[in-house]
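Examination of the molecular architecture
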Amino acid sequence: MKTLPLVVAGALLLLTAGCSSHDASDPSVGSGRPSPTSTTAPASTGPSASAPPTPTSSPSASSAPTCTTADLRVTVRPDPNGAAAGSTFDDVLLRNTGGTTCLMTGWPGVSFVTGSQGRQVGAPAARQGTPAVVSLAPGASAEALLQVAEAGNFAPCTTTSVRGLRVYPPNQRDAVFVPMPTKACAQTSAQQLTVRPVVLRG
C-alpha cells in the first residue's frame, strides 16, 4: 500500500519536467504576451504629408520697369482703318526712346487744351476696352485708338478753338502736348473723345 504514493510522486516529477522543456522552446508560452508577428502597414490612400514643392523662379517681363513719360515719344496720327460717320480716328503712339525694355498697361489720359500749357477744354477722353500689359523694347511702340467726335454732334455745344491734345502716358503724372488744331465742345457733358487701351504696335 505504500508503493502508490511513490508512483504518483514519480508521475508528477515527469509532468513537471515536460512542462519545463516546452517553455524553453517557446518563450511565449506562459509569458502572458503574444508571440511577435511581422505586420505590414496599410498603404495610405490620403494625400501625402510631404513638404510643399519649392517654387522655382523663371524670367518674367514683370521684372521690367514701368514706362515713364521721360522714356516715351508721344505722337498722334490718323488711323488708316478708322472711319465712322461724325467721327475721326487717330492713333496715339508711344515710342520707347529709352535704352531698356519697359512695361505699360491701361489707357493714356487725353484731353483738348488751348495750348501747350493751356487750360483743358471739355471732358477728358472716356475709356473703353480691357487693358493688358504691353512690353516695350527699346525703339518699339505702343498705340491707343482715339475716337474724336465732331463738335457739331452735340447740342447745345459752345465750340472753342483748341491747339491740340494733352496726353498722359498710362499711369503717369507728366503730360505731353501734341499739336492738333480743331474745334472742341466746352461743355464737359459732351463726350467728344473716347480712347482704347494701349496695345503693342505691329
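Quick look at the structure, then. Everything quoted here is computed from the prediction, not taken from an experiment.

The next point concerns the side chain of Asp 90. The topology assignment puts Asp 90 in strand β2 (residues 87-96). An unpaired buried charge is present at Asp 90: no salt bridge exists, and Arg 77, the closest side chain of opposite charge, is 9.8 Å distant. Once you skip the residues sitting within four places of it in the chain, Asp 90 turns out to touch Val 76, Arg 77, Pro 78, Asp 79, Ala 144, Leu 145, Leu 146, Val 148 and Met 180.

In this section: the state of the cysteines. For the structure shown, the criterion picks out two disulfides. Bridging Cys 67 to Cys 102, the disulfide has an S-S length of 2.0 Å. Disulfide Cys 67 to Cys 102: torsion about the S-S bond roughly 95°, handedness right-handed. Of this pair, Cys 67 sits in the loop between α1 (3-25) and β1 (72-78) while Cys 102 sits in strand β3 (residues 102-104); the two residues are 35 residues apart in sequence, bridging distant segments of the chain.

Looking at where Pro 181 falls in the secondary structure, it is placed in strand β10 (residues 176-185). When its relative accessible area of 71% is taken as the criterion, Pro 181 is described as exposed. Taking the C-alpha atoms as reference, Pro 181 lies 5.2 Å from Gly 164; in sequence the two are 17 residues apart. Excluding anything up to four places from it in sequence, Pro 181 contacts Val 162 and Arg 163.

To continue, consider the nonpolar core. Of all hydrophobic cores here, the largest spans 28 residues; its most connected members are Val 92, Met 104, Phe 112, Leu 136, Leu 146, Leu 165 and Leu 193. Counting residues per element, this core draws most heavily on strand β8 (residues 141-149), at four residues. Not counting residues up to four positions away in its chain, the partners in contact with Val 92 are Val 74, Thr 75, Val 76, Ala 142, Glu 143, Ala 144, Leu 146 and Val 167.

This part takes up unusual backbone geometry. Here the bond from Ala 155 into Pro 156 is cis, since omega is -5°, no more than 30 degrees from zero. Within the element layout of this structure, Pro 156 appears in the loop between β8 and β9 (159-168). Phi is positive for Asn 171, close to 60°, though the residue is something other than glycine. The residue Asn 171 is located in the loop between β9 and β10 in this model.

What counts and what doesn't
- Residues numbered from 1 in each chain as written.
- Predicted model: local features only at pLDDT ≥ 70, side-chain atom pairs only at ≥ 80, totals over all residues.
- Heavy atoms only, no water.
- Helix = DSSP H or I, 4+ residues; strand = E, 2+ residues; numbered from the N terminus.
- Buried < 20%, exposed > 50% of the residue type's maximum accessible area, 1.4 Å probe, protein only.
- Lys, Arg positive; Asp, Glu negative; His and termini not counted.
- Salt bridge = Lys/Arg side-chain N within 4 Å of Asp/Glu carboxyl O.
- Contact = heavy atoms within 4.5 Å.
- Disulfide = S-S within 2.5 Å.
- Core = buried A, V, L, I, M, F, W, Y, C linked by side-chain atoms within 4.5 Å.

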